[in-house]
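Below, each chain spelled out in residue letters.
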Amino acid sequence: MAERPAANFLTFDTEEWYHANYDGMDPAALRGRGSNFPAQMEDLLALCAAAGARATFFVLGAVAEDHPGVVRAIAAAGHEIASHGYGHALAYRQTIDEFAADVRRSVAILEDVAGAAVRGYRAPSWSIVAANYHYLAVLEELGLVYDASVFPVRTFLYGIPDAPAHIHRPVVAGRTLNLWEIPTSVVRLAGRNMGYSGGFYFRLFPGLFIAYAIRRANRRGRPAVVYLHPRELDPGERRLTLPAKEAFIHYHGIGGARAKLVSLLQKFTFTSVIDHLRTLDPTLK
Ligand SMILES: [Zn+2]
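This one's a predicted model, so the numbers in the text were calculated from it and none came from an experiment.

Calculation notes
Residues numbered from 1 in each chain as written. Predicted model: local features only at pLDDT ≥ 70, side-chain atom pairs only at ≥ 80, totals over all residues. Helix = DSSP H or I, 4+ residues; strand = E, 2+ residues; numbered from the N terminus. Buried ≥ 20, exposed ≤ 12 C-beta atoms within 10 Å, placed from the backbone. Contact = placed C-beta atoms within 7 Å. Axes fitted to C-alpha atoms, helices over the stretch in contact; angles between N-to-C directions. Left-handed = near helix turned anticlockwise from the far one by under 90°. Nonpolar A, V, L, I, M, F, W, Y, C, P; charged D, E, K, R; others polar. Pairing = 2+ DSSP bridges. Core = buried A, V, L, I, M, F, W, Y, C linked by C-beta atoms within 7 Å. pLDDT = per-residue confidence, 0-100. Arc of directions from axis to C-beta. Expected span 1.5 Å × (residues − 1).

> Teacher, can you tell me more about the overall build of the protein chain here?
For the protein chain, the count of helices and strands is 10 helices and 12 strands. In terms of overall dimensions, the protein chain has C-alpha extents of about 45 × 45 × 40 Å along its principal axes. Per-residue burial for the protein chain yields a buried fraction of 48% across its 285 residues. Long-range contacts, defined as pairs at least 24 residues apart, comprise 76% of the intrachain contacts of the protein chain with a sequence gap of at least 6.

> Sorry if this is basic, but what is going on with the packing of helix H7 (residues 207-219) against helix H9 (residues 257-267) here?
Where H7 contacts H9, the axes come no closer than 10 Å and their chain directions differ by 35 degrees. Viewed along their axes, H7 and H9 form a crossing whose handedness is right-handed. Counted together, Gly 207, Ile 210 and Ala 211 of H7 and Lys 260, Ser 263, Leu 264 and Lys 267 of H9 form the full contact between these two elements. Classifying every residue of the contact of H7 with H9 by side-chain character gives three nonpolar, two polar and two charged.

> What is the right way to look at the pairing of strand S1 (residues 8-14) in this model?
Note on strand geometry: in a regular strand, side chains alternate between the two faces of the sheet. Burial runs high along S1: seven of the seven residues are buried. What you see with S1 is no split at all: Asn 8, Leu 10, Phe 12 and Thr 14 on one side and Phe 9, Thr 11 and Asp 13 on the other are buried throughout. Both S1 and strand S12 (residues 270-271) contribute to a ladder of two bridges, which runs parallel. Across the sheet, Asn 8 pairs through a bridge with Phe 270, a residue of S12. One ladder, built from four bridges, connects S1 with strand S11 (residues 225-228); its direction is parallel. Along S11, the bridge assignment pairs Thr 11 with Tyr 227.

> I tried to follow unusual backbone geometry on my own but got confused; where do I start?
Residues other than glycine predominantly adopt negative phi, and peptide bonds predominantly adopt the trans conformation. Positioned with a positive phi, His 88 is a non-glycine residue whose angle comes to about 75 degrees. Here His 88 shows up in the loop between strand S3 (80-83) and helix H4 (96-114). His 88 gets classed as buried once you count the C-beta atoms within 10 Å, which come to 26. For Trp 126, which is not a glycine, the phi torsion comes out positive at approximately 50 degrees. The topology assignment puts Trp 126 in the loop between strand S4 (120-121) and helix H5 (136-141).

> Hey, could you run me through the nonpolar core in this one?
Grouped burial of nonpolar side chains is what soluble globular proteins tend to show. Membership of the largest hydrophobic core comes to 78 residues, with the highest contact counts inside it found for Val 59, Val 71, Ile 81 and Leu 110. Here this core gets seven residues from one element, more than from any other, and that element is H4. When near neighbours in sequence (up to four residues on either side) are disregarded, Val 59 contacts Thr 14, Ala 64, Val 71, Ile 81, Ser 83, His 84 and Leu 110.

> Would you explain the pairing of strand S9 (residues 186-189) in this entry?
Relative to strand S10 (residues 192-195), S9 runs antiparallel, the two being bridged by four bridges. Residue Val 186 lies in a different strand from S10, and its bridge partner there is Gly 195. Hairpin geometry of S9 and S10 is characterised by an intervening segment of two residues between the two adjacent antiparallel strands and by a positive phi of about 50 degrees at Ala 190.

> I tried to follow the confidence of the model for the protein chain on my own but got confused; where do I start?
Any region with low pLDDT has predicted coordinates that should not be read closely. Here the protein chain averages 95 in pLDDT, while 98% of its residues score no lower than 70. Low pLDDT, under 50, characterises residues 1-5; the predicted model gives this stretch eight contacts beyond four residues in sequence or across chains.

> Can you help me understand the environment of Glu 141 in this one?
Along the chain, the position of Glu 141 falls in helix H5. Given 14 C-beta atoms within 10 Å, Glu 141 falls into the partly exposed group. As for Glu 141 and Leu 179, which are separated by 38 residues in sequence, their C-alpha atoms are 9.6 Å apart.

> I would appreciate a short explanation of helix H10 (residues 273-280) in the present structure.
Three- or four-residue spacings in an α-helix give side chains the same orientation, since the helix completes a turn every 3.6 residues. Those residues of H10 that fall on the buried side of the exposure criterion are Val 273, Ile 274 and His 276. The arc that holds the buried residues of H10, viewed along the axis, is 155 degrees, so those residues lie on one side.

> Whenever I open this one, H7 confuses me. Can you help?
Compared with an ideal rise of 1.5 Å per residue, which puts 13 residues at 18 Å, H7 spans 18 Å between its outermost C-alpha atoms and is within 8% of the ideal. Along H7, the positions that sit buried rather than exposed are Ile 210, Ala 213, Ile 214 and Ala 217. Within H7, the buried residues cover an arc of 100 degrees as seen down the axis, which keeps them to one side. Opposite the packed face of H7, turned more than 90 degrees from it, sit the exposed residues Leu 208 and Arg 219. Contact partners of the buried residues in H7: S1, S9, helix H6 (199-204) and H9.

And the structure:
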């Protein structure tokens, strides 16, 4: 039987197989090497349509340049187009001016290609951390409505372990921003926050555990944030050559991710971030 809790967020970081930020990698050098991206996106849009789910696609500016037809198909299907930056550069490796230019450039490309306003942003690899938290004020200045870059966990790659785990207005330099923060979902395990609803965690944990954690979030009135990458649903995609630990994080469980997503789409109601925010603030366009 389908469950009908508060809507959850279905989000896709819309990028190619080579958009990763491990040491020594340069995604731009792999641009144009070919990919299954258009077929992956066709599959994803068909899954969403079959489930009646609306999603938020955080799209890279470079991907919109390479695949404008795909971006237009996402928008035509009624989904939200948001920004994932231009070329997957880490926010904390950029100066605040470089960051502003990167976000502005991606938003301009996406709005031009999709013909719709961009309202949200998610940094590549959750690269809004304590050291560059004030970069969120840039998103407010650019007129964006929300950010979805904060992961309230501690890992070797990213995270702000003590960040609020619910939707809130971030405070920067003592000022509450006119911006929503949509933190990525966590569960509390052995006194630590841990992700469960996307990427590596989604591939690692059994589908039943993920469904249990989503239900638990929903009982507390919180939407869960599911986040996936097109390449994670396609075991046949080209692969990066990575050291063992990075390869595990990047590819473990990739054969089962699509079936887990299909199962969750049957069990839960999903919507886009902006549609949910409109229920919190009816003046939002
Ligand atoms: Zn990404």
